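Listed below, chain by chain, are the residues.
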Amino acid sequence: MTELYTQPAKRLRTEEDLKLFIASQTYKDLIEFVVEIATSVHGLTLDEDDSKLNVSEHCTNILELLSQIYTIIDNHPVVNDTTSRFGKTEFRDFYDELDERLVDLIHKHIDLQSKDKDSFAKNNEANNHDTKDPTVELKSYLLNSWGDRGRIDYGSGHELNFTCFLLCLFKLKFLTIENDDKSTVLRIFAK
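Residues numbered from 1 in each chain as written. Predicted model: local features only at pLDDT ≥ 70, side-chain atom pairs only at ≥ 80, totals over all residues. Heavy atoms only, no water.

Approximately 1,300 Å³ is the volume found for the largest pocket. In terms of residue count, helix H8 (residues 156-171) provides more of the lining of the largest pocket than any other element does, nine residues in total. Approximately 250 Å³ is the volume attributed to the second largest pocket. Ser 145, Tyr 154, Glu 159, Phe 162 and Phe 189 are the residues nearest the centre of the second largest pocket, which is lined by 14 residues in total. Listing elements by their share of the lining of the second largest pocket, those giving two or more residues are helix H4 (57-74), H8 and helix H9 (177-189). At six residues, H8 tops the list of elements feeding residues into the lining of the second largest pocket. In terms of residue class, the lining of the second largest pocket is built from eight nonpolar, four polar and two charged. (1 Å grid on protein atoms, 1.4 Å probe; cavity = no way out; pocket = protein on both sides within 12 Å on 5 of 7 lines; lining within 4 Å. Points joined across faces, edges and corners; volume = space filled by probe spheres on them. Helix = DSSP H or I, 4+ residues; strand = E, 2+ residues; numbered from the N terminus. Nonpolar A, V, L, I, M, F, W, Y, C, P; charged D, E, K, R; others polar.)

Looking now at helix H2 (residues 25-40). The end-to-end C-alpha distance of H2 is 22 Å, a good match for the 22 Å that 16 residues give at a rise of 1.5 Å each. Among the residues of H2, those classed as buried are Asp 29, Leu 30, Phe 33, Ile 37 and Ser 40. Seen end-on, H2 carries its buried residues on one side only, within an arc spanning 110°. Where H2 is buried, its residues contact helix H1 (15-22), H8 and H9. (Expected span 1.5 Å × (residues − 1). Buried < 20%, exposed > 50% of the residue type's maximum accessible area, 1.4 Å probe, protein only. Arc of directions from axis to C-beta. Contact = heavy atoms within 4.5 Å.)

Between two cysteines, a covalent bond joining their sulfur atoms is known as a disulfide. One pass over the full model with this rule turns up zero disulfides. With no disulfide partner, Cys 164 has as its closest neighbouring cysteine sulfur the one in Cys 168, 6.8 Å distant. (Disulfide = S-S within 2.5 Å.)

This part covers helix H7 (residues 135-144). Where burial is concerned, most of H7 is hidden: nine out of the ten residues are buried. Every buried residue of H7 is accounted for by Thr 135, Val 136, Glu 137, Leu 138, Lys 139, Ser 140, Tyr 141, Leu 142 and Leu 143.

With the rule as written, the count across this model stands at four salt bridges. Taking the shortest distance from any N to any O, the salt bridge between Lys 171 and Asp 29 comes out at 2.9 Å. Here Asp 29 lies in helix H2 and Lys 171 lies in helix H8, a separation of 142 residues in the sequence. With a shortest N-O distance of 3.1 Å, Arg 101 and Glu 97 are connected by a salt bridge. Placement of the pair is Arg 101 and Glu 97 together in helix H5 (residues 90-109), with a separation of four residues, close to one helical turn. A residue is classified by how much of its surface remains accessible, and Arg 101, at 30% relative accessible area, is partly exposed. (Salt bridge = Lys/Arg side-chain N within 4 Å of Asp/Glu carboxyl O.)

Here is the structure:
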């Protein structure tokens, strides 16, 4: 059976929504993932030698993806302008460029056997959110891990989006607990 992936949507709006989420398998998977990778680095420091961490090629690919995103950030330097009460409007330019380029960046750095770039493009254009390409979920989580374009803010929900992005990579077996647990925390999160 072919997996279908769907554009994530904000669903935690009420106390009842939160209760449903806490009772869900997704919540259990997320908590287990965080505990597992956190436990793997007990006693280690951020400056551990790469040879102790077994930094895999796939982990290196994620680090390269993040480096390319930092290049996009550098393309949108902050202007010392105080006209925006809520944040630096340059963030929106960064966010728009990242949104435009992210599918290609994901496909370049995350080689998934099941990816179907044409399927993603066709479904994206048709507003049909079910696709065989997991990029629809990866893009949403990674894009939203950089902050909120409208409010120009950043908080724990955005950090959770990044954690969900990484959880997806583990569920897709692009990264594995056996090979990538420590480097996920000490290299990817640290970046």
